[in-house]
Amino acid sequence: MELKTICVFCGSNHGLDPAFITQTEALGRYLASHQQKLVYGGGKEGLMGTIATSTLNAGGQVLGIIPSFLKTWG
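What this report covers is the structure whose coordinates are included nearby. Within each chain, residues carry numbers counting from 1 in the order of the written sequence. The predicted origin of the model limits local features to residues at a pLDDT of at least 70 and limits the giving and counting of side-chain atom pairs to 80 or more, whereas totals for whole chains, interfaces and linings rest on all residues. With hydrogens and water stripped out, all remaining heavy atoms of the structure feed into the side-chain values.

1. So, the sheet that holds strand β2 (residues 37–40)
What holds strands together in a sheet is hydrogen bonding between their backbones, with the strands either parallel or antiparallel. We count it as follows: A pair of strands is treated as paired once DSSP finds two or more bridges between them. Here a helix means four or more residues in a row that DSSP labels H or I, a strand means two or more in a row labelled E, and each is numbered from the N terminus. Inter-axis angles, ranging from 0 to 180 degrees, are taken between N-to-C directions of lines fitted to C-alpha atoms, where helices are fitted over the stretch in contact.
Pairing is parallel in the open sheet, where three strands are placed in the order β1-β2-β3. Strands at the two margins of the open sheet, each flanked by one partner only, are β1 (5–8) and β3 (62–64). Averaged over all pairs of adjacent strands, the angle between strand axes in this sheet comes to 20°, irrespective of strand direction. In this sheet, β3 lies alongside β2 in parallel orientation, the contact comprising three bridges. Directly across from Val-39, in β3, lies its bridge partner Leu-63.

This is the structure:
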């Protein structure tokens, strides 16, 4: 079975260790380079924003899912 979409749900902050950001960016680039679509928690902040941005910047596809009551928070 070949995976085509990966769901990642992670923090809305960056955490205490800078390696979290580095590894999240690397995962986003990996997904894009392997034509894996990212489905994520929809936020633009923290690690969720980091993975979406890195995936998009590497040419990947991203689908954000966010509850309507959280949408106004970003």
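2. A short note on the pairing of β1
Cut-off, in case you're wondering: Orient the strands so they point away from the viewer, and a crossover whose first-strand-to-second-strand path over the helix runs clockwise is right-handed.
Bridge count between β1 and β2: four bridges; the pairing is parallel. Considered in β2, the bridge of Val-8 is made with Tyr-40. Each parallel crossover has a hand, and the one from β1 via helix α1 (residues 18–33) to β2 is right-handed.

3. Description of the side chain of Ser-54
Here is the rule: Any two residues whose heavy atoms approach within 4.5 Å are treated as being in contact.
Tracing the backbone shows Ser-54 in helix α2 (residues 46–57). With residues near it in sequence (within four places) discarded, Ser-54 still touches Thr-24, Glu-25, Gly-28 and Arg-29.

4. Here we look at the environment of Lys-37
Note the cut-off: For each residue, the accessible area found with a 1.4 Å probe, counting protein chains only, is set against the maximum for its type, and the residue is called buried under 20%, exposed over 50%, and partly exposed in between.
Turning to its location among the elements, Lys-37 is positioned in strand β2. Given a relative accessible area of 30%, Lys-37 falls into the partly exposed group. Residue contacts for Lys-37: discarding those within four places in its chain leaves Lys-4, Thr-5, Ile-6, Gln-61 and Leu-63.

5. Observations regarding α1
Defined as follows: Any helix carries an expected span of 1.5 Å times its number of residues minus one. This arc is taken over the directions from the axis of the helix to the C-beta atoms. The definition of a polar contact used here is a pair of N or O atoms within 3.5 Å, where within protein one atom must be able to donate a hydrogen and the other to accept one, and adjacent residues in sequence count solely through side-chain atom pairs.
Spanning 16 residues, α1 covers 23 Å between terminal C-alpha atoms, matching the ideal 22 Å at 1.5 Å per step. Within α1, burial applies to Thr-24, Gly-28, Leu-31 and Ala-32. Mapping the buried residues of α1 onto a view down its axis gives an arc of 100°, with all of them on the same face. Exposed positions of α1 whose direction lies more than 90 degrees from the buried face are Pro-18 and Gln-23. The inward-facing, buried residues of α1 abut β1, β2 and α2. The backbone nitrogen of Ala-19 lies 2.9 Å from a side-chain oxygen of the residue at the head of α1, namely Asp-17.

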